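Listed below, chain by chain, are the residues.
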Amino acid sequence: MTSPQEDRLPLLSEDDRETAVQRLQEAYASERISHEEMDERLDQVLTANTHGELASAMASLPEGSPDATSTIAAAGGRIQRRGVWRVPRILKVESAFGRVRLDLSRAVIEYPVVDIELLLGAGGAKITVPRDAIVDVEGLRTGWKDLRYKIRRRSRPGGPKIRISGAMEFGRLIIRHARR
């Protein structure tokens, strides 16, 4: 029997399930898990109904390939990622002069923890995180302006943890949770 809280949680989408299957296949192909372990986890993924069940099937899966780190850099202008895009495990964003807009609300997030390292000179940043994300900004150093982030009171379990670190000299960082 499910609890009333579990009944309100959104069910898995086919995209969530497909992403998990692909990650298992990649781990098996690179010989990071055995055939038996892949079969067992695949069965868990295909029968999972909630994000929590999916997370337990993916728990302790060996880390992905070295391309789990990506850097976006620009001397000036705008850096923008939105819509459906694959978020790496570690995302480094560097900009001397310009605005940064990262929208993770519809992004494919394969990792339970995503690190975003900001190295920004002059120019602000706005990051939209998934509705159920947990945000950690302890590693961020701001210079001229303060951070704007309102912690969500009601957070659903099973969302990714977004750790934001780095340094911002003359801009403001605004973080908000997606509405949908």
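Residues numbered from 1 in each chain as written. Predicted model: local features only at pLDDT ≥ 70, side-chain atom pairs only at ≥ 80, totals over all residues. Heavy atoms only, no water.

J.: Please give an account of the pattern of salt bridges that cites residues and values.
T.: If you walk through the whole model with that rule in mind, you get five salt bridges. Note that aspartate 115 is salt-bridged to arginine 163, the shortest N-O span being 2.6 Å. Placement of aspartate 115 in strand S7 (residues 113–122) and of arginine 163 in strand S11 (residues 161–168) is noted, with a sequence separation of 48 residues between them. Exposure remark for arginine 163: the relative accessible area of 30% places this residue in the partly exposed category. Across the pair arginine 141 and glutamate 169 runs a salt bridge, and its minimum N-O distance is 3.8 Å. Placement of the pair is arginine 141 in strand S9 (residues 134–142) and glutamate 169 in the loop between S11 and strand S12 (173–177), with a sequence separation of 28 residues. The network of salt bridges with common partners includes Arg89, Asp115 and Arg163. (Salt bridge = Lys/Arg side-chain N within 4 Å of Asp/Glu carboxyl O. Helix = DSSP H or I, 4+ residues; strand = E, 2+ residues; numbered from the N terminus. Buried < 20%, exposed > 50% of the residue type's maximum accessible area, 1.4 Å probe, protein only.)

J.: I'd like a description of the nonpolar core, backed by residues and values.
T.: One finds Leu104, Ile116, Leu118, Ile164 and Leu173 to be the most contacted residues of the largest nonpolar core, which totals 27 residues. Counting residues per element, the ones that place at least two in this core are strand S4 (90–97), strand S5 (100–103), S7, strand S8 (125–129), S9, S11 and S12. Top element by residues in this core is S7. It accounts for four residues. Once you skip the residues sitting within four places of it in the chain, leucine 118 turns out to touch Val93, Ile127, Ile164, Ser165, Gly166, Ala167, Met168 and Leu173. In this structure, Val21, Leu24, Ala27 and Ala48 belong to the second largest nonpolar core, which totals 13 residues. (Core = buried A, V, L, I, M, F, W, Y, C linked by side-chain atoms within 4.5 Å. Contact = heavy atoms within 4.5 Å.)

J.: An account of helix H3 (residues 35–47) is needed here, citing residue identities and associated values.
T.: For H3, which comprises 13 residues, the first-to-last C-alpha distance of 18 Å matches the rise-based estimate of 18 Å (1.5 Å per residue) to within 8%. On its buried face, H3 sits against helix H2 (14–29) and helix H4 (51–58). (Expected span 1.5 Å × (residues − 1).)

J.: Now, about the sheet that holds strand S1 (residues 69–76): what can you tell me, with residues and values included?
T.: Strand order in the open sheet made by the five strands is S1-S4-S7-S11-S9, with parallel pairing throughout. Whereas interior strands pair on both sides, the edge strands pair on one side only; in this sheet they are S1 and S9. Adjacent strand axes in the sheet meet at a mean angle of 10 degrees, parallel and antiparallel pairs treated alike. Two strands pair when backbone bridges link them, and S1 and S4 are joined in this way by seven bridges, in the parallel orientation. When the bridges of S4 are listed, isoleucine 72 appears paired with valine 93. (Pairing = 2+ DSSP bridges. Axes fitted to C-alpha atoms, helices over the stretch in contact; angles between N-to-C directions.)

J.: How would you summarise the environment of arginine 148 if you had to cite specific residues and measurements?
T.: With respect to the helices and strands, arginine 148 occurs in strand S10 (residues 148–149). On the basis of relative accessibility, which here comes to 49%, the residue arginine 148 falls in the partly exposed class. Once the C-alpha coordinates of arginine 148 and leucine 173 are considered, the two residues, 25 residues apart in sequence, prove to be 6.2 Å apart.

J.: Please provide a residue-by-residue account of the sheet that holds S5, values included.
T.: Pairing in this open sheet of five strands is parallel, and the strands run S2-S5-S8-S12-S10 from one edge to the other. Both outer strands of the open sheet, strand S2 (79–81) and S10, are each paired with one neighbouring strand and no more. Here S8 pairs with S12 via five bridges, running parallel. Across the sheet, the residue bridging to lysine 126 is isoleucine 174, located in S12.

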